Structure formats: C-alpha cells, structure tokens
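Structural overview
The residues making up each chain are set out below.
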Amino acid sequence: MMRLLAITPLCVSDEELARRQQRYDRLAPPDVSVTLLNLGTGSEVPRAFDTAADIAASEAALVQRFRAADAGGYGEVDAFLPDCVLDPVVDLPNSGIATPVFGLLKLTAHFLLSLGATVGAVARNEPIARELDRKFASYGLGQLQGMTSVLGLSVDDISQDALWASAVSTQLQTIDAEFVINGCSAVEVLKPAGRPRLVDPTATALKLLGLSTAIEAAPRRQVRL
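Keep in mind the model is a prediction, meaning the values are calculated, not measured.

Right, let's talk about the confidence of the model for the chain for a bit. Taken residue by residue, the chain gives an average pLDDT of 92. The fraction at 70 or more is 96%. When the criterion is pLDDT under 50, residues 220–225 qualifies, and its contacts beyond four places in sequence or with other chains add up to zero contacts.

Structure (structure tokens):
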C-alpha cells in the first residue's frame, strides 16, 4: 500500500475539501490511499490563483506544510502529493523535504510523451496557463503543443462540471495535439468524443502510482541457470 499525503494549493471550504477527498477515494487504485488536507486559513494562504503572486504564495505555504509533515507531524506516509496540476514543491531546489514529492503534471506528461504523442493543455486563466507552460518545460520535455489554452473561468467554476466541460470543448477545437491535459487537479473531467483526447492528470497520476506499487509488490521468480 502506498500512502500519500496531499495538500490543497488553496484555502478551501470544508465542503470543497470533502468533495476533493471523495474524488481521490474514487480515483485511487486499491493499493494507493490519499489523505487530503486543507492548506490553511491564514491571510497568507491564497483563496484563488488569480495572479503569479498567488501561485508563488501557495508554493511557499506548501513548502512549510510538507516540511512539517516530513518531520512526522501527520503520521506515516510514503510520499507527498500537491493537490495541484502546477506541481508546486516538485523538484524545488533546497526544499528541505526528504520524503518523495510526486507531481500530477510530471507523471502525466512523462507518460503521454513516452507514447510518442503530442500534448497540449488547458487552464482556467492566464497566470495558471503560463505557470503550467513553465513547469512543463522545466521537466526537460520540450514545449507543449502550442501554449496552454485559457478557458476564462473563475475558481468557483472548478466544481461546476458542465460549465467547465463546455469551456473545454470549445478550446479543444483549436488545439492541434493528440492529448490535452486538463489544467486543474480537482475538476471532474467529462471527456468529449473525438480528438484531441482530454486527460485527467489526477486520475492518470494515481493509476501510474498504483502500477508502480503493483510492480514492486509482484513476486520475483527464481530462475535456475
């Protein structure tokens, strides 16, 4: 069993925290468990990613929370999982965090590109889109197929499945790629028919982590030479 500790990138309501936890419970393979915590309620914790400063403040707060967890503040865990497709804290130099930090974007992007596919992305606003472009490029995978497309949605629209799906469907018609990463970890991805294929980074990353756990747990055959 792989035990993951996830932390939201924003201050969210109790209702939203419960919705996201239920989503993890549903998407996680049987050999992966995810415990989700709220980032915090202080004034320094952003309520939305509306600016680059919001994104930077979120990562700074996440570093502090994961450091505390690294010191054993939240029980035994095998790895940390930022609840954000922008992969805050992932591959952050001098983070002071010894526990592995897995990234939804990093896992998903490496998998899709290993298939030899072209990959694009969508995000709800301009600051998120540009940070997604930057993080993707930081993994040495080259550039996305075009820049991340902007949906023009608010943070409150994250839980509005139909509204999000409608905006995504419109943008997909303009993206020349085989796969498009949905640029939010907490959205229920309603996949439209046809191409490009819309990818849920949370579901994909959890499946890959489940596969890694299954490989490690597989019995080793003894071969006689």
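Further remarks concern the sheet that holds strand β7 (residues 197–199). Taking strand neighbours across the sheet as the criterion, the four strands line up as β5-β4-β6-β7 in an open arrangement whose pairing is parallel. The open sheet has two edge strands with one neighbour each: β5 (149–150) and β7. Pairing of strand β6 (residues 179–182) with β7 involves three bridges; the strand directions are parallel. Across the sheet, residue Phe179 finds its bridge partner in β7, namely Arg197.

Right, let's talk about the state of the cysteines for a bit. One pass over the full model with this rule turns up zero disulfides. Cys184 supplies the cysteine sulfur nearest to Cys84, a cysteine that is in no disulfide, at a spacing of 7.7 Å. The buried category is assigned to Cys84, whose relative accessible area is 6%. Overall, the relative accessible area of 10% leaves Cys184 in the buried class.

Attention now goes to helix α5 (residues 161–172). The end-to-end C-alpha separation of α5 is 16 Å, in line with the 16 Å expected for 12 residues at 1.5 Å each. When α5 is considered as a whole, its buried residues turn out to be Trp164, Ala167, Val168 and Leu172. Burial along α5 is one-sided: seen end-on, the buried residues are contained in an arc of 135 degrees. The inward-facing, buried residues of α5 abut β4 (119–123), β6 and β7.

Centre-to-centre distance and the angle between the planes together describe a pair of aromatic rings. Per the counting criterion, the structure on display carries one aromatic pair. A ring pair is formed by Phe66 and Phe80, whose centres lie 4.8 Å apart and whose planes are at 20 degrees; its orientation type is stacked. Taken as a pair, Phe66 in helix α2 (residues 52–70) and Phe80 in strand β3 (residues 79–82) lie far apart in primary sequence, 14 residues in all. Side by side, Phe66 and Phe80 carry an identical accessibility label, which is buried.

A few words on empty space enclosed by the protein. The tally for this structure, following the rule as stated, stands at one cavity of 30 Å³ or more. Here the largest cavity defines a volume of roughly 150 Å³. Surrounding the largest cavity, 14 residues form its lining, Phe49, Cys84, Ile128, Ile158 and Cys184 being those nearest its centre. Taken together, the residues of the lining of the largest cavity break down into nine nonpolar, two polar and three charged.

Turning our attention to the nonpolar core. In terms of nonpolar packing, the biggest core is built from 41 residues, with Leu4 and Leu206 touching the most fellow members. If we ignore the near neighbours within four places in the chain, the residues touching Leu4 are Val32, Ser33, Val34, Thr35, Ala79, Leu81, Phe102, Leu206 and Leu209. Counting residues in hydrophobic clusters, the runner-up holds 16 residues, among them Trp164, Ala167, Val180 and Ala186.

Strand order in the open sheet formed by three strands is β2-β1-β3, and the pairing between neighbours is parallel. Edge strands, defined here as strands with exactly one partner in the open sheet, are β2 (32–37) and β3. Taken over all neighbouring pairs, the strand axes of this sheet differ in orientation by 30 degrees on average, direction set aside. Bridging between strand β1 (residues 2–7) and β3 involves four bridges; their strand directions are parallel.

So, about the packing of helix α3 (residues 104–114) against helix α4 (residues 126–138). Contact geometry for α3 and α4: axes closest at 10 Å, N-to-C directions at 60 degrees. The two elements α3 and α4 cross, and the hand of that crossing is right-handed. On the side of α3, the interface is formed by Leu105, Ala109 and Leu113, while α4 contributes Leu132, Lys135 and Phe136. Grouping the amino acids of the contact of α3 with α4 by side-chain chemistry returns five nonpolar, no polar and one charged.

Calculation rules
- Residues numbered from 1 in each chain as written.
- Predicted model: local features only at pLDDT ≥ 70, side-chain atom pairs only at ≥ 80, totals over all residues.
- Heavy atoms only, no water.
- pLDDT = per-residue confidence, 0-100.
- Contact = heavy atoms within 4.5 Å.
- Pairing = 2+ DSSP bridges.
- Helix = DSSP H or I, 4+ residues; strand = E, 2+ residues; numbered from the N terminus.
- Disulfide = S-S within 2.5 Å.
- Buried < 20%, exposed > 50% of the residue type's maximum accessible area, 1.4 Å probe, protein only.
- Expected span 1.5 Å × (residues − 1).
- Arc of directions from axis to C-beta.
- Phe/Tyr/Trp six-rings, centres within 6.5 Å; stacked < 30°, edge-to-face > 60°.
- 1 Å grid on protein atoms, 1.4 Å probe; cavity = no way out; pocket = protein on both sides within 12 Å on 5 of 7 lines; lining within 4 Å.
- Points joined across faces, edges and corners; volume = space filled by probe spheres on them.
- Nonpolar A, V, L, I, M, F, W, Y, C, P; charged D, E, K, R; others polar.
- Core = buried A, V, L, I, M, F, W, Y, C linked by side-chain atoms within 4.5 Å.
- Axes fitted to C-alpha atoms, helices over the stretch in contact; angles between N-to-C directions.
- Left-handed = near helix turned anticlockwise from the far one by under 90°.

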